Amino acid sequence: MAKVAVFFLLFWLVCGTRRVLAGKVNKHKPWIEASYHGVITENTDVVLLDPPLVALDKDAPVPYAGEICAFKISGQDVPFEATVLNGTSGEGVLRARAGGGVDCESQKEYTFIVQAYDCGSGPAGDDRKKSHKAVVHVQVDDVNEFWPIFREPLYKASVVEGKIYDSILQVEAWDQDCSPQYSQICNYEIVTPDTPFAIDRNGNIRNTEQLSYDKRQSYDIAVTAFDCGQKMAKDNVAVHIHVEPVCKAGWQGWTKRVDYEPGTGSKPLFPKMRLETCGGPFSGVKVTVELQTSHIGKGCDRETYSEKSLQKLCGAASGSTDLLPAPSPSANWTRSLLTDSSRDSDLIYRFDGRQAANVPDRVVPQNLTEQFTVATWMKHGPSPGLRAEKETLLCNSDKTEMNRHHYSLYIHNCRLVFLLRRDFSQLDTFRPAEFHWKLEQICDKEWHYYVINVESPAVTLFVDGVTYEPYLVTDDWPIQASKIDTQLTVGACWQGGEVSKPRFAQYFRGGLSGLTVRPGRIESQKVISCLQACKEGLDINSLESLAKDIKFHFNPAQSLLVVEGEDVDSVNAAMTKVSYINSRQFPTPGLRRLRIGTAVSCFGEDEACLSVPDVRAALTVHPPSEPRITIGGPRRLLRAAADFGAPPGVAPFRELSITSTVAKGGAGARRTGVMEVMHNLDYCDILVIGDELNPQRESLSIHHAALVGKHLDAANSTTGISIYGVDSMAHYEQTLRQVRYRNWRAATLSDRKFRLTCSELNGRYTSNEFILEVSVLHRARPAEHVNHAVAQAQYSRAVHHPLLIRTSNSRISATGTAPPAATVVIVVCIAALVVIVVIGVYRIHATHQEGSREEEDGAREPEMEWDKSALNITVNPMDNVRGAHALSEDPRREEDKNVGRMTNAESDNGDDEDEEEEEEKEGQEEMAEKTELKWHRSCTTY
């Protein structure tokens, strides 16, 4: 029975312990990495993650609470699932869902959220904890699974006998694979043997010999294509070439592809081009050359500096507010918005009907008077099935209680509407409040620049610099004044009076960029034209050499050129001078398509009497040599506390340098070295690392005089300073050197760090992160008999001398205990010594403060920095009574006199010896008795 009782007792203890552990409070959340990057090959199911999917729980090894039970994925249409491999170690794996393998052709990448869940506090999963949300980016790798397919089932062309053609026609194949390696067509071949034709890698078919109509009237050949993975087309394409005995009009001597190197200026597009008209009597020729750039940035290659920098370049009035700035610590409300990652150099926000942003109250433009301007870049197309819904770009509405819209800009049924409601505190008359414009540009899915100038009660719209008056104006009464705060939103409208909870409504679908509001001023048409001007376009070289009968004109963007002439030869000469130009130093690389349309008029006929096929070519802008912007200079600044406190403080970036280099030979050439280049910057940010600045004791600022004569502005806060504006690197360097840091309580300052970065083209090219550490130089006394004339110009750190202390204590212990009378004398001597030391320290501190005020802007020679420091020899006189008596003698006095000699040496080094003799005499007179303690120079380290 005893054994049975013991057994049940042990069983009860074990089970009870497990229940206690199982029921232990689940205190901690699982922890996983903040972000993961993964790769998966299409048609497979395992995702390779970096870092691996592992969740950790601080509750381990507590059962259940310290174990990971699940990973959950959130996101729309995510074809992945995460499973737990080992609950104890927290290892997991990310796989494609069963039966739903990923396909690169359907979607190249996925972004979603994953969270880890622990097992709770018991088997039932009670009190389960989940980790923070981690972002997962998964890229789908392509497999060469598709064959090239020709775009046309049959290609036809006609040639004139007896002529050799550079290109009779061009066949074109495409591949459904998603990657450039497998989707591009690298080669074409003619399958039919023994034909007088050849084909190049671009699909251009030419004849290799002169063709004769009498010998053969037509040719049928088969052509195949290969992708860059050397996969051949499954089906050949048939090409039918008809030989004609007569001349057929068309352009000759042009090439399908034109290459443009950045920085080469104006390049002729068709230097050998000529129009074959077969000698007919014509009265005139009209040629239209179109450069298609709608896919580049915001419609063409424009300046991509920040909105404020562009406005300053174009001479716009100051005071505008950028409501869609680049995300930063001071502009974090745009961080959650989607950006168009396909754009190389433009800051474009993409709204898909689910994104919007509340603009902070501190940013909202105030005092919208009778005059103000609203401007934005917009790309918008009709949304199928949603034409009846409003799509809001900008909205100022009640923050709570009600849903009144004070002013807003929205799209409704492809009409642009601007709403402006005043309240009774401003006026109480019935007046225009809603303005409507119906334009094709609003829903053509192209980028346009919209500017609304308000001169109440009139409102004018500019689209790409062209003025449009509203076709419909609706009048309304002012709204009732109230004390309800308003909320400004971008991409939707804030409904603060909803019954359930405040929310966004009337979401916008499209692209926006550079949304600004300028109170109190309206924009001039000259500035508007400058802000939307293209930096690339068509041009004509040597205008003076054109024939007198030639007429030409460009559209405002210079993407369309019309050339008219009466003589074909004059038109041919004019077409050889048509060129492409891109004035940007770092243009956006990529393909620009060209189209040439021709109309030939005959005498006595109003319509074209000769059919000339359109010419389609491609212009390729090569990538520019990317600059490498480097910020250099000392990484640490050490100054005395008085320098930090005295106005105007210290210049932490006084020795800063900014350089920029590029690889020699350009981006496409073999790099043989680097060369320094000069270009503009558009902003430099100085950010505080760690705690923000405390305005009660420190500041980081720049004087307005440092910006005079430069195209620069500055804005500062407790997080740092932002200097912005398009200007040279030299001006930025000069300005940054004049930034000042001041601390009124520098004695308590711990190491303060700043991070400096600079940018070109609104972040397209960024510099290195330059970290500068600012520290306080703590002053101390020099050692005995320091020769200041030969001392090294370096900072010395305060040191303690345990050897000296041990020597004093050993001699005290050897002599025994001091009598009571001697104790009184020793205490009096110690008190007198403390008073003398305090007075000496005060005089040294006052002398240094006076010297620091005499310095200009904190500038001093590096060789003199050692004068601001001294050695601090710390001796504890209270360790022993007799030890205290010994330490009140000559060594400590000599130390004080050395400090005084060091201070005087700054003004007159020639009097050092005399001062030392006088001070030695004074020290001897003040001493009442001496001990056997000797001051050894070997005890002092420098």
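Residues numbered from 1 in each chain as written. Predicted model: local features only at pLDDT ≥ 70, side-chain atom pairs only at ≥ 80, totals over all residues. Heavy atoms only, no water.

**As for the overall build of the protein**
Along its length, the protein carries twelve helices and 59 strands. A buried classification covers 45% of the 942 residues belonging to the protein. Put simply, of all contacts in the protein between residues at least 6 apart along the chain, 72% involve residues at least 24 apart. With an accessible surface of roughly 48,600 Å², the protein has 51% of that area assigned to carbon and sulfur atoms. (Helix = DSSP H or I, 4+ residues; strand = E, 2+ residues; numbered from the N terminus. Buried < 20%, exposed > 50% of the residue type's maximum accessible area, 1.4 Å probe, protein only. Contact = heavy atoms within 4.5 Å. Areas by Shrake-Rupley, 256 points an atom, 1.4 Å probe, with all protein chains shown as cover.)

**Concerning helix α5 (residues 568-575)**
Three or four residues apart is the spacing at which side chains of an α-helix point the same way, because the helix has 3.6 residues per turn. α5 sits mainly inside the fold: six of its eight residues count as buried. All buried positions along α5 are accounted for by Val568, Ser570, Val571, Asn572, Ala574 and Met575. Where α5 begins, one side-chain oxygen reaches toward the backbone nitrogen of Asp569, 3.1 Å away; that side chain belongs to Asp567. (Polar contact = N/O pair within 3.5 Å; in protein donor to acceptor, adjacent residues only side chain to side chain.)

**Some words on helix α7 (residues 729-736)**
For α7, the full list of buried residues reads Met729, Tyr732, Glu733, Thr735 and Leu736. End-on view of α7: buried residues confined to an arc of 165°, all on one side of the axis. Those residues of α7 that are buried are in contact with β48 (657-663), β50 (680-689), β53 (720-728) and β55 (752-760). (Arc of directions from axis to C-beta.)

**Structural notes on the packing of aromatic side chains**
Inspection of every chain in the model, using the stated rule, returns 15 aromatic pairs. On the basis of an interplanar angle of 80° and a centroid distance of 5.2 Å, the ring pair of Phe197 and Tyr219 is categorised as edge-to-face. In this pair, Phe197 is assigned in strand β13 (residues 197-199) and Tyr219 in strand β15 (residues 218-227), connecting sequence segments 22 residues apart. Taken individually, Phe197 and Tyr219 each receive the classification buried, so the pair is uniform in this respect. Ring geometry for Tyr260 against Tyr580: centres 4.9 Å apart, planes inclined by 90°, an arrangement best described as edge-to-face. Of this pair, Tyr260 sits in strand β18 (residues 257-260) while Tyr580 is found in strand β42 (residues 578-582), placing the two residues 320 residues apart along the sequence. In terms of burial, Tyr260 and Tyr580 fall into one category: buried. An aromatic cluster is present here, built from Phe80, Tyr110 and Phe112 joined pairwise through their rings. The aromatic ring of Tyr117 is capped on one face by Lys72, whose charged end is 4.8 Å from the ring centroid. The lysine or arginine in question, Lys234, covers the ring of Trp147, its NZ or CZ lying 4.8 Å from the ring centre. (Phe/Tyr/Trp six-rings, centres within 6.5 Å; stacked < 30°, edge-to-face > 60°. Lys NZ or Arg CZ within 6 Å of the ring centre and 35° of its normal.)

**Observations regarding the sheet that holds strand β49 (residues 674-676)**
Across the sheet, which stays open at both edges, the three strands sit in the order β46-β48-β49 with antiparallel pairing between neighbours. The outermost strands of the open sheet, each flanked by one partner alone, are β46 (628-632) and β49. Across the sheet, the axes of successive neighbouring strands diverge by a mean angle of 35°, strand direction being ignored. In this structure, β46 lies alongside β48, joined through five bridges in antiparallel fashion. From the neighbouring strand, Arg628 faces β48, where its bridge partner is Thr661. (Pairing = 2+ DSSP bridges. Axes fitted to C-alpha atoms, helices over the stretch in contact; angles between N-to-C directions.)

**Some words on the side chain of Thr224**
By secondary structure assignment, the location of Thr224 is in strand β15. One polar contact links Thr224 to Asn236, side chain to side chain, over a distance of 3.4 Å. Contact partners of Thr224, with chain neighbours within four places excluded, come to Phe150, Asn187, Tyr188, Glu189, Val191, Met232, Ala233 and Asn236.

**Here's the deal with the nonpolar core**
Judged by nonpolar contacts, the single largest core of 52 residues is most densely connected at Phe653, Ile658, Leu736, Tyr741 and Leu756. Dropping the residues within four chain positions of it, Tyr741 is found in contact with Phe644, Gly649, Val650, Pro652, Leu693, Glu698, Ser699, Leu700, Leu749, Arg752, Phe754 and Val774. (Core = buried A, V, L, I, M, F, W, Y, C linked by side-chain atoms within 4.5 Å.)

**Focus on a positive patch on the surface**
A cluster of basic side chains, namely Lys29, Lys72, Arg128, Lys130 and Lys133, defines a positive patch on the protein surface. When you line up the elements, Lys29 lands in the loop between α1 (2-22) and β1 (35-41). Residue classification places Lys29 among the exposed residues on the basis of a relative accessible area of 58%. (Patch = residues over 30% accessible without salt bridge, like charges linked within 9 Å, V, L, I, M, F, W, Y side chains within 5 Å. Salt bridge = Lys/Arg side-chain N within 4 Å of Asp/Glu carboxyl O. Lys, Arg positive; Asp, Glu negative; His and termini not counted. Charge placed at Lys NZ, Arg CZ, Asp CG, Glu CD.)

**A closer look at the pattern of salt bridges**
Note on pairing: side chains with opposite charge can pair once their charged atoms come close. Enumeration according to the criterion identifies 20 salt bridges in this entry. Between Asp476 and Arg421 there is a salt bridge; the shortest N-O distance is 3.6 Å. On the criterion of sequence distance, the pair formed by Asp476 in strand β34 (residues 472-476) and Arg421 in the loop between β29 (415-420) and β30 (431-438) is long-range, its members being 55 residues apart. Among the residues examined, Asp476 registers a relative accessible area of 30% and is labelled partly exposed. Overall, the relative accessible area of 21% leaves Arg421 in the partly exposed class. Between Asp614 and Arg595 there is a salt bridge; the shortest N-O distance is 3.3 Å.

**With respect to the state of the cysteines**
Enumeration over the complete set of coordinates arrives at eight disulfides. Each sulfur in the disulfide pair Cys314 and Cys530 lies 2.1 Å from the other. One quick way to see it: the torsion about the S-S bond of Cys314 and Cys530 is about -70°, and its sign makes the bridge left-handed. Here Cys314 is found in the loop between α3 (307-313) and β22 (321-322), whereas its partner Cys530 is found in helix α4 (residues 525-531), with 216 residues between them in sequence. Between the sulfur atoms of Cys414 and its disulfide partner Cys443 the distance amounts to 2.0 Å. Handedness of the Cys414-Cys443 disulfide follows from its S-S torsion of about -105°: it is left-handed. One end of the pair, Cys414, is in the loop between β28 (405-412) and β29; the other, Cys443, is in the loop between β30 and β31 (447-455), and 29 residues separate them in sequence. Look at Cys414 and you get buried, because its relative accessible area is 14%. A relative accessible area of 15% means that Cys443 is categorised as buried. (Disulfide = S-S within 2.5 Å.)

The values are spatial; any link to function lies outside them.
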